Amino acid sequence: MLRISDDIILQDWEMTESFIRASGPGGQNVNKVATAVELRFEAARSPGLTPAVKARLKRLAGRRWTKEGAIILSCDETRSQTRNRDIIRDRLAELIRKALVAPKRRIATKPTRGSVRRRLDAKRQRSDLKSTRGKIDLD
């Protein structure tokens, strides 16, 4: 069970963890111990998430979102299996917390008459300056 917020708790059946051998430095430990963690979260089937949150989560997850509607995260940062497991669960919780925040709608505004005039005046001045940069006629 993973607590995301006061009202959202992920059950154990929604998450599947598998342990694989990590790459990189670590000596003989790398060849013997499966310390890397791969977490699969069944986001599309999760009853605790609303459809709007699932849509935002899909956009945030990007290529980590599978066709079946699951999110796959992996971690092999440390040499400890339990530490990698904690890191990956924290990442999943942070990703879901980001998806819980609905983006503010942008309200389209018109530029003021003064700002339009100032912009056009600046363009005219720049144009006049550049028009004096041509070749000099010696005749």
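Further up the page is the structure itself.
So, here's what we can say about the structure. (Residues numbered from 1 in each chain as written. Predicted model: local features only at pLDDT ≥ 70, side-chain atom pairs only at ≥ 80, totals over all residues. Heavy atoms only, no water.)

**Section: the pairing of strand E4 (residues 36-41)**
The side chains of a regular strand alternate, residue by residue, between the two faces of the sheet. In this structure, strand E3 (residues 15-20) lies alongside E4, joined through six bridges in antiparallel fashion. Its bridge partner lying in E4, Phe19 is registered against Val37. Bridge count for E4 against strand E5 (residues 71-75) is five bridges, and the pairing is antiparallel. Note on E5: the bridge partner recorded for Val37 is Cys75. (Pairing = 2+ DSSP bridges. Helix = DSSP H or I, 4+ residues; strand = E, 2+ residues; numbered from the N terminus.)

**Focus: the packing of helix H2 (residues 51-61) against helix H3 (residues 81-100)**
Between H2 and H3, the least distance of the axes is 8 Å, while the angle of their chain directions is 125 degrees. Here H2 lies oblique to H3, going by the angle between them. Both H2 and H3 take part in a crossing whose hand is right-handed. Contacts between H2 and H3 involve Val53, Arg56, Leu57, Leu60 and Ala61 on the former and, on the latter, Leu95, Ile96, Lys98, Ala99 and Leu100. Here the contact of H2 with H3 is composed, by residue class, of eight nonpolar, no polar and two charged. (Axes fitted to C-alpha atoms, helices over the stretch in contact; angles between N-to-C directions. Parallel < 35°, antiparallel > 145°, perpendicular 65-115°, else oblique. Left-handed = near helix turned anticlockwise from the far one by under 90°. Contact = heavy atoms within 4.5 Å. Nonpolar A, V, L, I, M, F, W, Y, C, P; charged D, E, K, R; others polar.)

**Here we look at the pattern of salt bridges**
Under the defined criterion, the tally for this structure stands at eight salt bridges. With a closest N to O distance of 4.0 Å, Glu42 and Arg45 form a salt bridge. What makes Glu42 buried here is its relative accessible area of 11%. The partner of Asp121 in a salt bridge is Arg124, with the nearest N and O atoms 3.0 Å apart. Of this pair, Asp121 and Arg124 both sit in helix H4 (residues 113-131), three residues apart, roughly one helical turn. Overall, the relative accessible area of 31% leaves Asp121 in the partly exposed class. Relative accessible area serves as the criterion here: at 48%, Arg124 is assigned to the partly exposed category. (Salt bridge = Lys/Arg side-chain N within 4 Å of Asp/Glu carboxyl O. Buried < 20%, exposed > 50% of the residue type's maximum accessible area, 1.4 Å probe, protein only.)

**Points about the sheet that holds E4**
The strand order across the open sheet built from three strands is E3-E4-E5, with neighbouring strands paired in antiparallel fashion. A single partner strand is all that each edge strand has here, and the edge strands are E3 and E5. Direction aside, neighbouring strands of the sheet carry axes that sit 20 degrees apart on average.

This is a description of form; function is not addressed.
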